[in-house]
Amino acid sequence: MPKSRVLITGGAGFIGSYLAELFMDRDWEVVVMDNLITGNLENIEHLFGKQGFQFIEQDVTEYIHHSGSLDAILHFASPASPIDYQLYPIQTLKVGSLGTHKALGLARSSGAKFLLASTSEVYGDPLIHPQPESYWGNVNPIGVRGVYDEAKRFAEAMTLAYHRAHGVDTRIVRIFNTYGSRMRLNDGRALPNFVCQAIRGEPLTIYGDGSQTRSFCHVSDLVEGIWKLLHSGTHQPVNLGNPTEIPIIDFARKVLEATESDSDLVHETLPEDDPRVRQPDISRARDILEWEPKVTLEEGLRLTVPYFKQKIRETGNDSTTVRESD
Ligand code: UDP
């Protein structure tokens, strides 16, 4: 019996690399395609040389091809942190639009299932809380976050158009804030910033008064949900995230506890269009996938902090905190 084969765009990124590992562990062949603008080969270096693993350095907004058979395509290529997509606004729009089109074209011609990595950002600054998949969202199309939000909204529309018009077997996952090892230290998101600041004894930078909320999911839970979604029969978007909601200032305090740090908290200006609240309604994932996250925030931080300590030891103690204004 030949093994099944999956192509993962963005497979050298944070979430993509965990998916590559999971599919290898479950006896699939894995082809990672990444242009490495925000991905990093270090994330997948342990997979190089394993039978059935292949890496192709390529920008998926260009024509993409794979000569072997493909059973699934997971489209995860995109800058994904607010800092990154504001640094690469045009690439972000292109990978969500042209890249999704190319990946869907390959799925159609190879008869592969297609799974789109969408995002809670399609809900923008939500007026309905928590957010069910039926909510259409509140997005500022011309704001600084619009490049990501609209690219992903377009990508969802394109995915369902290929399903309806060409019968491609598609899935859409709306991913809420996810964390774990392999996040870039300087990607600017709350978790890498806070953990690095706490380890270095620097003040933790709370944007605004810190009352804005997020709901943080450990990456091991997320990739299990994505596996289940791929193997389900649903074409509708499915939220995956941890419904435990926390104000950012309390999240910073949890990081201080997990790192045993006595760093101060300082307040800085809130970035433009920063969503006030965010919490997934995961009823659909519970019903259809029988999935829910298992890792608590305390446990997830315990799993994640050693990675950041190790990276800081390797790279020296230089501050890497970045802000949109930098
Ligand atoms: N945030 C913060 N300090 C930081 C980085 C982020 O207070 O050093 C806030 C940010 O303004 C947002 C929340 O933390 O309200 C989560 O930000 P992140 O960039 O992780 O992801 P987002 O959910 O906004 O995409």
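Residues numbered from 1 in each chain as written. Predicted model: local features only at pLDDT ≥ 70, side-chain atom pairs only at ≥ 80, totals over all residues. Heavy atoms only, no water.

Tallied over the full model, the rule gives 18 salt bridges. The partner of Arg5 in a salt bridge is Glu29, with the nearest N and O atoms 3.0 Å apart. In this pair, Arg5 is assigned in strand β1 (residues 5-9) and Glu29 in strand β2 (residues 29-34), connecting sequence segments 24 residues apart. Classification of Glu29 by relative accessible area gives partly exposed; the value is 23%. Salt-bridge contacts for Arg184 lead to Asp84; the nearest nitrogen and oxygen are separated by 3.0 Å. Linking Arg184 in the loop between β7 (178-179) and α5 (190-200) with Asp84 in helix α2 (residues 82-87), this pair joins segments that are 100 residues apart in sequence. (Salt bridge = Lys/Arg side-chain N within 4 Å of Asp/Glu carboxyl O. Helix = DSSP H or I, 4+ residues; strand = E, 2+ residues; numbered from the N terminus. Buried < 20%, exposed > 50% of the residue type's maximum accessible area, 1.4 Å probe, protein only.)

Quick look at the sheet that holds strand β6 (residues 170-175) now. The strand order across the open sheet formed by seven strands is β3-β2-β1-β4-β5-β6-β11, and the pairing between neighbours is parallel. Lying at the two open borders of the sheet, with one neighbouring strand each, are β3 (53-57) and β11 (237-240). This sheet shows a mean twist of 20° between the axes of neighbouring strands, independent of strand direction. Strand direction decides the pairing type here: β2 and β3, joined by five bridges, are parallel. Residue pairing across strands places Asp34 opposite Glu57, the latter belonging to β3. Running over the sheet, helix α3 (residues 89-110) touches β1, β4 (72-75), β5 (113-119) and β6 and is turned about 175° from β4. (Pairing = 2+ DSSP bridges. Axes fitted to C-alpha atoms, helices over the stretch in contact; angles between N-to-C directions. Contact = heavy atoms within 4.5 Å.)

Let's shift gears to helix α4 (residues 146-166). A rise of 1.5 Å per residue sets the reference length of α4, with its 21 residues, at 30 Å; its end C-alpha atoms lie 29 Å apart and thus fit the reference within 8%. Within α4, burial applies to Gly146, Val147, Tyr148, Asp149, Ala151, Lys152, Ala155, Glu156, Met158, Thr159, Leu160 and Tyr162. Along its buried surface, α4 packs onto α2, α3, β5, β6 and β11. (Expected span 1.5 Å × (residues − 1).)

This paragraph deals with the environment of Leu104. Along the polypeptide, Leu104 turns up in helix α3. In contact with Leu104, other than residues within four places in its own chain, are Phe114, Met158, Thr159, Tyr162 and Thr170.

The next subject is the nonpolar core. If you look at the biggest cluster of nonpolar residues, it comprises 60 residues, and the most contacted ones within it are Phe23 and Phe76. Broken down by element, the residue count for this core peaks at eight residues, all from helix α1 (residues 14-25). In this structure, Phe23 is in contact with Val6, Trp28, Val30, Leu74, Trp227 and Leu230, ignoring residues within four places of it in sequence. Membership of the second largest hydrophobic core comes to 23 residues, among which are Ile56, Ile64, Ile73 and Val95. (Core = buried A, V, L, I, M, F, W, Y, C linked by side-chain atoms within 4.5 Å.)

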